[in-house]
Structures are given as C-alpha cells and as structure tokens.
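# Structural features, examined
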Amino acid sequence: MIPKLPIHCPSCSDSLSVSQLKCENCQTTVSGNYSLPFYLRLSEEEQHFILQFFMTSGSLKEMATQMGNSYPTVRNKLDDIIEKVKKLKSESA
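Residues numbered from 1 in each chain as written. Predicted model: local features only at pLDDT ≥ 70, side-chain atom pairs only at ≥ 80, totals over all residues. Heavy atoms only, no water.

Relative to the assigned elements, Leu21 resides in strand S1 (residues 17-22). Sequence separation of Leu21 and Ser31 is 10 residues, and the distance between their C-alpha atoms is 6.6 Å. Contact partners of Leu21, with chain neighbours within four places excluded, come to Thr28, Thr29 and Val30. (Helix = DSSP H or I, 4+ residues; strand = E, 2+ residues; numbered from the N terminus. Contact = heavy atoms within 4.5 Å.)

As for its placement among the helices and strands, Glu46 is situated in helix H1 (residues 44-55). The buried category is assigned to Glu46, whose relative accessible area is 10%. In this structure the side chain of Glu46 is engaged in a polar contact, spanning 3.0 Å, whose partner is the side chain of Lys84. Excluding its chain neighbours within four sequence positions, the residues that come into contact with Glu46 are Lys77, Ile81 and Lys84. (Buried < 20%, exposed > 50% of the residue type's maximum accessible area, 1.4 Å probe, protein only. Polar contact = N/O pair within 3.5 Å; in protein donor to acceptor, adjacent residues only side chain to side chain.)

It is worth spelling out the packing of H1 against helix H3 (residues 71-92) at this point. Remark: H1 packs on H3, axes separated minimally by 11 Å, with the N-to-C direction vectors making an angle of 115 degrees. Taken together, the axes of H1 and H3 lie roughly perpendicular to each other. The way H1 lies across H3 gives a crossing that is left-handed. Two secondary-structure elements touch here, H1 through Glu45, Glu46, Phe49, Ile50 and Phe53 and H3 through Val74, Lys77, Leu78, Ile81 and Lys84. Taken together, the residues that form the contact of H1 with H3 break down as six nonpolar, no polar and four charged. (Axes fitted to C-alpha atoms, helices over the stretch in contact; angles between N-to-C directions. Parallel < 35°, antiparallel > 145°, perpendicular 65-115°, else oblique. Left-handed = near helix turned anticlockwise from the far one by under 90°. Nonpolar A, V, L, I, M, F, W, Y, C, P; charged D, E, K, R; others polar.)

The next point concerns unusual backbone geometry. Of note, Gln27 is a non-glycine position whose phi angle comes to about 70 degrees, a positive value. Locating Gln27 in the fold gives a position in the loop between S1 and strand S2 (29-35).

Written out as structure tokens, the structure reads:
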C-alpha cells in the first residue's frame, strides 16, 4: 500500500507545503517552498465526491442514486465543497 500524502502537520494541524520534489528516473531534485494544489487540500471524502461528480457527467441525480442519498443531500454536499474551494482559492490569491 502506498502511503498517503499528508496535508496537515502532525504536531499542530496547520497546512503543510511541498519543499522538495525528486525525479525517480534521473534523480534530479527541486527544492523550494510550494503550496499544495487546492484539490489536494480537500479531504479524501471531498476528493472522492468530485471524482464521482466527474464520472457521472455532473449528474447529481445519478450520484444520489449511486450513493443511496437524496438529491438535496448530494446538492448540499456539492454546495459545501464549492464554498470550501472558493475559500481555498481566495487564500491562495
């Protein structure tokens, strides 16, 4: 099993940033201080929801059926994720 990329500090729970990337092919290393893309700052559950939204061609009705939830529940979840993404984007600007 591949370990998951941590996005929060295990000590203080603040957001982590990327400081080093390495090419496994030629061993080139790039160092700096880069923020994670906003998609990676979403929870695993939120990422899964977005993927499912994409895979159902944006059909909330189909998602609700697949998830065993009501349409309003799925719509509310989407609205929550949209608000979180807006907040993350404004923090990055």
